[in-house]
Amino acid sequence: MDFSLSEEQQLIQEMAARFAATELAPIAAALDRDAQGQRPAMLANVAKLAELGFLGLNIRSEYGGAEAGTLAFSLVITELAKACAATAVTVSVTNMVAEVIQAVGTEQQKQYYLPKLCSGEMLAGSFCLTEAGAGSDPAGMRTQAKAVEGGWVLNGTKQWITNAEFAGVFVVWAVTDTSQAKGKGISCFLVEAGTPGMQIGPAEHKMGQHGSATNEVAFVDCQVPANALMGELNQGFKVAVGELAGGRIGIGSLALGVAQAAMDYGRQYLTERQQFGRPLSDFQALQWMLADRYTELEAARLLLWQAAWLKEQGLPFAKQASMAKLYASESANRACYDALQMLGGYGYMQEYPLERMTRDVRITTIYEGTSEIQRLVIARELLRELQ
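Not measured: the values here are computed from a predicted model.

1. Things to note about the overall build of the protein chain
Thought 1: Along its length, the protein chain carries ten helices and ten strands.
Thought 2: Relative to the globule expectation of 21 Å for 387 residues, the C-alpha radius of gyration of the protein chain, 21 Å, shows essentially globular dimensions.
Thought 3: Taken along the three principal axes of its C-alpha coordinates, the protein chain extends 80 × 55 × 40 Å.
Thought 4: Taking all 387 residues of the protein chain together, 56% fall into the buried category.
Thought 5: Taking contacts inside the protein chain between residues at least 6 apart in sequence as the whole, the part at least 24 apart equals 74%.
Thought 6: Per element, the accessible surface of the protein chain, about 16,900 Å² overall, is 53% carbon and sulfur.

The structure is reproduced here in structure tokens:
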């Protein structure tokens, strides 16, 4: 069994790490404090990431993508998240939008949207699935799309939509047949920014990841053409479930990156700070914190790489993606809290990055499916294997 990265994967990882250190890290704290004021700088970095091929990592070259694969995607998100989780989630969601278009879009849709997303002409994509009453239970969505002459009219509201303020295209799920059972009769649409009837709400005030745009998106008699339908009519929920599995690799990788940066900072601090006339690194209690958390992060990395490899091979990967996301996000939260603890009172101060990292990592056990939902998915797959 070979755990080594290919030469191309190593180069991509190094490129991402270099960009994160030189472009993202210098503005990460300012972006956290003043998201709107720093938005131009953040979007400039997203445009540069597009030039590096990082907005279409698993998209075929014929559509302008890097065609680097899912493992390369995981590596990139981890490295970017070490410097700025807000930028990393922007890149992760945009890649997810591009992948769903590549997977189920018509040739016309792929030819039109994918080059724009990969090149940064459309700086980002948004994934409009969650609603106020349909989060962990997306099948309970209430947004509807009614057929009219020449297309569809969408009505409903989506909640907590990443990238909504500056996305160029939105993948939107809506009920198209109310007569069908819950989870059935749902379809998927591509809606471009600026479409009349689509309204972007004000930025949400969040605990962390302040630099990531998160907004409510409302559709009020929003008319889209017939060719906005993506995939088969009334079969959109299957698409959503499939893409969420891939997105979980991205969020698990993001959690790993934040936690790795937090632990690396804490480890360095232990060697420099003295108490009782000795470096903190001499104390066994702190040494055991290091040992436990780094062991967990290495296990998380291997789970993520396994899920990414299975996806690349076209093999079933939903269970492994949920396992990876669950373990990576939970262990990342422990790691950030322990790293903050290593700094004592300094860790609680905003002048040190641990305070921001601890807030940023908290959401990773919630979005793309809570830890509780991951456990349901894992258990369901384990029991299905017996059948």
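2. With respect to the UniProt feature "domain: Acyl-CoA dehydrogenase/oxidase N-terminal" (unreviewed entry) in the protein chain
Thought 1: The feature "domain: Acyl-CoA dehydrogenase/oxidase N-terminal" (unreviewed entry), as given by UniProt, occupies residues 6-121 in the numbering adopted here.
Thought 2: Annotated as residues 6-121, this span is 75% helix and 0% strand, and its ends, taken at the C-alpha atoms, are 30 Å apart.

3. Describing the packing of helix α3 (residues 70-83) against helix α7 (residues 284-312)
Thought 1: Relative orientation of the contacting elements α3 and α7 amounts to 145 degrees, with a least axis distance of 7 Å. Across from Thr70, Leu71, Ala72, Ser74 and Leu75 in α3, the residues of α7 making contact are Leu304, Trp305, Ala308, Lys311 and Glu312.
Thought 2: Considering only residue class, the contact of α3 with α7 consists of six nonpolar, two polar and two charged.

4. Here's the deal with a nonpolar patch on the surface
Thought 1: Taken together, Met1, Phe3 and Leu302 make up a surface patch of nonpolar side chains, about 400 Å² in accessible area.
Thought 2: Inspection of the secondary structure assignment puts Met1 in the segment before α1 (7-33).
Thought 3: The exposure class assigned to Met1 is exposed, which follows from its relative accessible area of 92%.

5. Observations regarding the pattern of salt bridges
Thought 1: Considering all chains together, one arrives at 19 salt bridges under this definition.
Thought 2: Its salt-bridge partner being Glu62, residue Arg60 comes within 3.4 Å of it at the nearest N-O pair.
Thought 3: Its relative accessible area of 32% is what places Arg60 among the partly exposed residues.
Thought 4: The class for Glu62 is exposed, based on a relative accessible area of 55%.

6. Remarks on the packing of aromatic side chains
Thought 1: Evaluation of the coordinates by the stated rule reveals five aromatic pairs.
Thought 2: Measuring from ring centre to ring centre gives 4.8 Å for Tyr112 and Tyr113, while their planes differ by 90 degrees; the resulting arrangement is edge-to-face.
Thought 3: Where Trp152 meets Phe189, the ring centres are 5.4 Å apart and the plane angle is 65 degrees; that geometry is what we call edge-to-face. Of this pair, Trp152 sits in strand β3 (residues 151-162) while Phe189 is found in strand β5 (residues 186-192), placing the two residues 37 residues apart along the sequence. In this pair, the class of Trp152 matches that of Phe189, namely buried.
Thought 4: It is Lys116 that lies over the ring of Tyr112; its NZ or CZ is 4.8 Å from the centre.
Thought 5: For the cation-ring pair, Arg278 lies above Phe283, with the distance from its terminal atom to the ring centre recorded as 4.6 Å.

7. Some words on the pairing of strand β1 (residues 125-128)
Thought 1: Because side chains alternate across β1, one face comprises the buried residues Gly125 and Phe127, and the other comprises Ser126 and Cys128, equally buried.
Thought 2: With four bridges joining them, β1 and strand β4 (residues 169-175) adopt parallel strand pairing. Residue pairing across strands places Cys128 opposite Val172, the latter belonging to β4.

8. Some details on the UniProt feature "domain: Acyl-CoA oxidase/dehydrogenase middle" (unreviewed entry) in the protein chain
Thought 1: The sites that UniProt annotates as "domain: Acyl-CoA oxidase/dehydrogenase middle" (unreviewed entry) are residues 126-222.
Thought 2: Counted over residues 126-222, helix gives 0% and strand 51%. Its end C-alpha atoms are 17 Å apart.

9. Focus: the nonpolar core
Thought 1: Among the nonpolar cores identified, the biggest contains 91 residues, and Leu80, Ile101, Trp173 and Leu254 are the most heavily contacted of them.
Thought 2: Top contributing element to this core by residue count: helix α6 (residues 236-272), with 14 residues.
Thought 3: If you look at the next biggest cluster of nonpolar residues, it comprises 19 residues, including Val172, Ala174, Phe219 and Cys222.

10. Describing the layout of surface pockets
Thought 1: One number sums up the size of the second largest pocket: a volume of about 260 Å³.
Thought 2: Around the second largest pocket, the lining residues are Met1, Asp2, Phe3, Ser4, Leu5, Gln9, Leu71, Leu302, Trp305, Gln306, Trp309 and Leu310.
Thought 3: No other element matches the five residues that α7 contributes to the lining of the second largest pocket.
Thought 4: Looking at side-chain class alone, the lining of the second largest pocket contains eight nonpolar, three polar and one charged residues.

Quick notes on the rules
- Residues numbered from 1 in each chain as written.
- Predicted model: local features only at pLDDT ≥ 70, side-chain atom pairs only at ≥ 80, totals over all residues.
- Heavy atoms only, no water.
- Helix = DSSP H or I, 4+ residues; strand = E, 2+ residues; numbered from the N terminus.
- Rg over C-alpha atoms; globule rule 2.2 N^0.38 Å.
- Buried < 20%, exposed > 50% of the residue type's maximum accessible area, 1.4 Å probe, protein only.
- Contact = heavy atoms within 4.5 Å.
- Areas by Shrake-Rupley, 256 points an atom, 1.4 Å probe, with all protein chains shown as cover.
- UniProt positions renumbered as here; feature names shortened; annotations may be inferred.
- Axes fitted to C-alpha atoms, helices over the stretch in contact; angles between N-to-C directions.
- Nonpolar A, V, L, I, M, F, W, Y, C, P; charged D, E, K, R; others polar.
- Patch = residues over 30% accessible without salt bridge, like charges linked within 9 Å, V, L, I, M, F, W, Y side chains within 5 Å.
- Salt bridge = Lys/Arg side-chain N within 4 Å of Asp/Glu carboxyl O.
- Phe/Tyr/Trp six-rings, centres within 6.5 Å; stacked < 30°, edge-to-face > 60°.
- Lys NZ or Arg CZ within 6 Å of the ring centre and 35° of its normal.
- Pairing = 2+ DSSP bridges.
- Core = buried A, V, L, I, M, F, W, Y, C linked by side-chain atoms within 4.5 Å.
- 1 Å grid on protein atoms, 1.4 Å probe; cavity = no way out; pocket = protein on both sides within 12 Å on 5 of 7 lines; lining within 4 Å.
- Points joined across faces, edges and corners; volume = space filled by probe spheres on them.

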